[in-house]
Amino acid sequence: MIRQPQILACSGVLFPPAGYRHPGAQIWQAMRLADVRRPRVCLVATATGDSREHIQGWYERAAAFGDAELSHLTLFTQPNVPDVRAHLLAQDVIFVAGGSVVNLLAVWRAHRLEPILRECWESGVVLAGQSAGSLCWHLGGVTDSFGDRLDVVADGLGFLPFSNGVHDDLGDQPRRTSFRRAVGGGRAARRVRHRGRRRPALRGHPLP
C-alpha cells in the first residue's frame, strides 16, 4: 500500500539553549511519520559537502531515537551506492542536512536527483530536513549560501509550492526583514515560516 506523500520541513535549532535535551528531534519526528516498526532512514548531507564529521554525528544522534536501519548517501566525489534511485526508493525516510542550499540544488541536479526524489515522495517515502534541507523542497526563500547579506533563491525543487523562511528569528542575520522584502517585492512566493528555536511537536506526541 502506497503511503500518503509527506514532507517534514523545519528550521532546526542552530543555537540550542543551555540544558536543551532534544538535539536531532526532527530525526525522531520523521521516523514517527514513517509509521513502521523499524524505519529505513537515509541521510543526504550534500549541503555540507558530505562532511564526514556531520555524517558521523548524525549516526550517533539518530541511533538514540530507537531501532532503525540507518544509511547515508554521499555524492562527493562519486555516489557511495551503486544505484542511487534504488537505494532512495528503498527508504522510509530521506533526511536532508542543512548547509548550502545553492550547492545542494546544483549537485542534485547534476546527479539527476530531482526526479528521483519526487518519485520517492510520491511513493510514500517521508522527505525531511532542516535549514537547507527544509528550504530545498519549496519554491525558494532567502539563503546565506553566498554570504550573510542574504540572497533570494528561487529555484528550489518546488514540491511544496510556497517559499520558506527558515531561521526567521535569528538575530545575527536580517532574515526576517530580507524574507518579507523578497515576498513583498514578488521575488519569493507566498511564505511559510519556521521559527528556529521553537520546540517541535508531532501530532500531540511528546518528545522522548
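Located above this text is the structure these notes cover.
Predicted model, so just to flag it, every value in this text is computed and none were measured. All residue numbers refer to position in the chain's written sequence, counted from 1. Side-chain atom pairs in this predicted model are given and counted only at pLDDT of 80 or more, local residue features only at pLDDT of at least 70, and totals for whole chains, interfaces and linings cover all residues. Excluded from the side-chain calculation are hydrogens and water; included are all heavy atoms of the structure.

Novice: Explain the packing of aromatic side chains to me, using residue names and the numbers behind them.
Specialist: Within 6.5 Å between ring centres, the rings of Phe, Tyr and Trp (the latter by its six-membered ring) count as paired, and their orientation is classed by plane angle as stacked under 30 degrees, edge-to-face over 60, tilted in between. Taken as a whole, this structure holds 4 aromatic pairs when the rule is applied. Consider the rings of Trp-108 and Trp-137, whose centres lie 5.9 Å apart with planes at 40°: the pair is tilted. One end of the pair, Trp-108, is in helix 4 (residues 101-110); the other, Trp-137, is in the loop between helix 6 (132-135) and strand 6 (138-143), with 29 residues separating them in the sequence. Here the aromatic rings of Trp-121 and Phe-159 are separated by 5.3 Å at their centres, their planes lie at 5°, and the arrangement is stacked. Residue Trp-121 is found in helix 5 (residues 113-122), and its partner Phe-159 is found in the loop between strand 7 (151-153) and strand 8 (160-163); the two are separated by 38 residues along the sequence. What links up through ring pairs into an aromatic cluster is the set Trp-108, Trp-121, Trp-137 and Phe-159. Helix and strand assignments come from DSSP, with helices taken as H or I runs of at least 4 residues and strands as E runs of at least 2, each series counted from the N terminus.

Novice: Give a description of the pairing of strand 2 (residues 40-44) that names residues and reports values.
Specialist: On any regular strand, side chains alternate: one points to one face of the sheet, the next to the other face. We call a residue buried when its accessible area falls under 20% of the maximum for its residue type, exposed when it is over 50%, and partly exposed in between, using a 1.4 Å probe and counting protein chains only. Among the 5 residues in strand 2, 4 count as buried, and that is most of the element. In this description, strands pair whenever DSSP reports at least two bridges between them. Sheet topology note: the strand 2/strand 3 (residues 69-73) ladder contains 5 bridges and is parallel. Note that in strand 3 the partner of Val-41 across the bridge is Leu-70. For crossovers, right-handed means that the path from the first strand over the helix to the second runs clockwise, given strands pointing away from the viewer. Handedness of the crossover joining strand 2 and strand 3 through helix 2 (residues 52-63) is recorded here as right-handed. Where strand 2 meets strand 4 (residues 93-96), 4 bridges bridge the pair, whose relative direction is parallel. Opposite Cys-42, over in strand 4, you have Ile-94 as the bridge partner.

Novice: Please give an account of unusual backbone geometry that cites residues and values.
Specialist: The omega torsion of the bond from Phe-76 to Thr-77 falls at -10°, within 30 degrees of zero and hence cis. Structurally, Thr-77 can be placed in the loop between strand 3 and helix 3 (84-89). Of note, the phi angle at Asp-35 is positive, near 55°, even though the residue is not glycine. Structurally, Asp-35 is set in the loop between helix 1 (25-34) and strand 2. Judged by relative accessible area, which is 66%, Asp-35 ranks as exposed. Unusually for a residue other than glycine, Asp-50 sits at a positive phi of about 55°. Counting through the fold element by element, Asp-50 comes out in the loop between strand 2 and helix 2. The class for Asp-50 is buried, based on a relative accessible area of 9%.

Novice: Let's hear about the environment of Cys-42: which residues, and what values?
Specialist: Along the chain, Cys-42 falls in strand 2. Taking C-alpha positions, Cys-42 is 4.8 Å from His-72, a pair spaced 30 residues apart along the chain. The contact criterion used is simple: two residues touch if any of their non-hydrogen atoms lie within 4.5 Å. Setting aside its immediate chain neighbours within four residues, Cys-42 contacts Trp-58, Ser-71, His-72, Leu-73, His-87, Leu-88, Gln-91, Val-93, Ile-94 and Phe-95.

Novice: Talk me through the sheet that holds strand 8; I want residue IDs and the actual numbers.
Specialist: Sheet architecture is open: 3 strands sit in the order 7-6-8, paired in mixed fashion. Edge strands, defined here as strands with exactly one partner in the open sheet, are strand 7 and strand 8. The mean inter-strand angle of the sheet, taken between neighbouring strand axes irrespective of direction, is 20°. Here strand 6 pairs with strand 7 via 3 bridges, running antiparallel. For Thr-143, the partnering residue across the bridge sits in strand 7 and is Asp-151. Convention adopted: a line fitted to C-alpha atoms gives each axis, helices being fitted over their contacting stretch, and angles between N-to-C directions are expressed from 0 to 180 degrees.

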